[in-house]
Amino acid sequence: MSTKRATPLRVAVLASGRGSNLQAIIDAIEAGQLQARIVAVISNKKDAVALERARNHGAPDIFVDPKPFAGRPDSREAYDQALLEVLSKHDAELVLLAGYMKIVTAVFINSYVNRMMNIHPSLLPSFPGLEVQKKAIEWGCKLAGCTVHFVTEGVDEGPIILQAAVPILDGDTPETLAARILEQEHKIYPRAVQLYAEGRLRVEGRRVFIDGGKPLGAALVSAS
Ligand code: GAR
């Protein structure tokens, strides 16, 4: 089931690095698989490749420098307030964190309740935080994966929208595992955004239901 929108969903993306997830969103839009428009790509890093990807797509690329806010007791909140102003100026309906390596504060989260998503390279709630592929290997897990979730105040804790699993192989390094997971990230993030665009995500407490979804719609063992 797919609902045609009258206008594309207005999406803003926050990214700090290479932006391969941003690129997956861009590719899905350009392929006509995602009814969205990127109204801004914002970074806390001036040289983020993500900003270059935005320019190549013709989307506004915006560097918001954290430096002027440093040293203030409320530096993180003040920075997020500046981000909110940019987002409001560009009229963003949905905010996507895509390799955004800065903790977002309550002032930001409370303005985008159930309207801000994050992608994380583990099967949450296992392995929140950093270096998660290494941790999954060291723990001896047989499966790893990725999670798209709504953002709440707890880091990597919000309601789960989609997950995909991949095997952990004997010879895996954090890098080989990260690459296998990333392939799945690039599939489930655009898919989650399209579900949002179609108005099919319903949040009840911690659970996200997909209206009109297939029985295994939110648990994908290697999304195809
Ligand atoms: C991705 O693997 C994403 O899941 C991870 O950073 C990478 C960014 O890659 N995010 C987190 O670890 C957030 N907790 P990208 O810049 O190529 O999209």
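A brief look at the structure comes next.

About the criteria used
- Residues numbered from 1 in each chain as written.
- Predicted model: local features only at pLDDT ≥ 70, side-chain atom pairs only at ≥ 80, totals over all residues.
- Heavy atoms only, no water.
- Near = heavy atom within 4 Å.
- Polar contact = N/O pair within 3.5 Å; in protein donor to acceptor, adjacent residues only side chain to side chain.
- Areas by Shrake-Rupley, 256 points an atom, 1.4 Å probe, with all protein chains shown as cover.
- Helix = DSSP H or I, 4+ residues; strand = E, 2+ residues; numbered from the N terminus.
- Core = buried A, V, L, I, M, F, W, Y, C linked by side-chain atoms within 4.5 Å.
- Buried < 20%, exposed > 50% of the residue type's maximum accessible area, 1.4 Å probe, protein only.
- Phe/Tyr/Trp six-rings, centres within 6.5 Å; stacked < 30°, edge-to-face > 60°.
- Lys NZ or Arg CZ within 6 Å of the ring centre and 35° of its normal.
- Contact = heavy atoms within 4.5 Å.
- Pairing = 2+ DSSP bridges.
- Right-handed = clockwise from strand over helix to strand, strands pointing away.

1. Considering the site of the ligand
- In the vicinity of the ligand, the contacting residues are Arg-18, Gly-19, Ser-20, Asn-21, Gly-99, Met-101, Ile-119, His-120, Pro-121, Asp-156, Leu-182 and Glu-185.
- Between the ligand and Ser-20 there is a distance of 2.6 Å, counted from an oxygen atom to a side-chain nitrogen or oxygen.
- Between an oxygen atom of the ligand and a main-chain N or O atom of Asn-21, the distance comes to 2.9 Å.
- Across the complex, the protein chains shield 89% of the 450 Å² of accessible surface that the ligand would expose by itself.
- Among the elements of the structure, helix 1 (20-30), strand 5 (116-120) and helix 6 (174-197) are those that each provide at least two residues to the shell around the ligand.

2. Here's the deal with the nonpolar core
- With 47 residues, the main nonpolar core has Ile-38, Leu-96, Met-117, Ile-161, Tyr-189, Val-193 and Leu-201 as its most contacted residues.
- No other element matches helix 6, which puts nine residues into this core.

3. A short note on the environment of Ser-88
- Along the chain, Ser-88 turns up in helix 3 (residues 75-89).
- C-alpha separation for the pair Ser-88 and Arg-207, spaced 119 residues apart in sequence, amounts to 28 Å.

4. Points about the packing of aromatic side chains
- By the definition in use, this model includes two aromatic pairs.
- Look at Phe-108 and Tyr-112: their rings are 6.0 Å apart centre to centre, the planes differ by 85°, and that puts the pair in the edge-to-face class. Like Phe-108, the residue Tyr-112 is buried in the burial classification.
- Over the ring of Tyr-79 we find Lys-102, and its NZ or CZ is 4.3 Å from the ring centre.

5. Section: the environment of Leu-84
- Within the fold, Leu-84 resides in helix 3.
- A C-alpha to C-alpha distance of 23 Å links Leu-84 and Gly-199, two positions 115 residues apart in sequence.
- In contact with Leu-84, other than residues within four places in its own chain, are Val-107, Phe-108, Ser-111 and Tyr-112.

6. Quick notes on the pairing of strand 2 (residues 36-43)
- Within strand 2, seven of the eight residues are buried, which leaves it mostly tucked inside the rest of the structure.
- Bridging between strand 1 (residues 9-14) and strand 2 involves six bridges; their strand directions are parallel. Within strand 2, the position partnered with Leu-9 by the bridge is Ala-36.
- Handedness of the crossover is the feature at issue here: the chain leaves strand 1, passes through helix 1, returns alongside strand 2, and the resulting connection is right-handed.
- Each parallel crossover has a hand, and for strand 2 linked through helix 2 (residues 49-57) to strand 3 (residues 61-63) it is right-handed.

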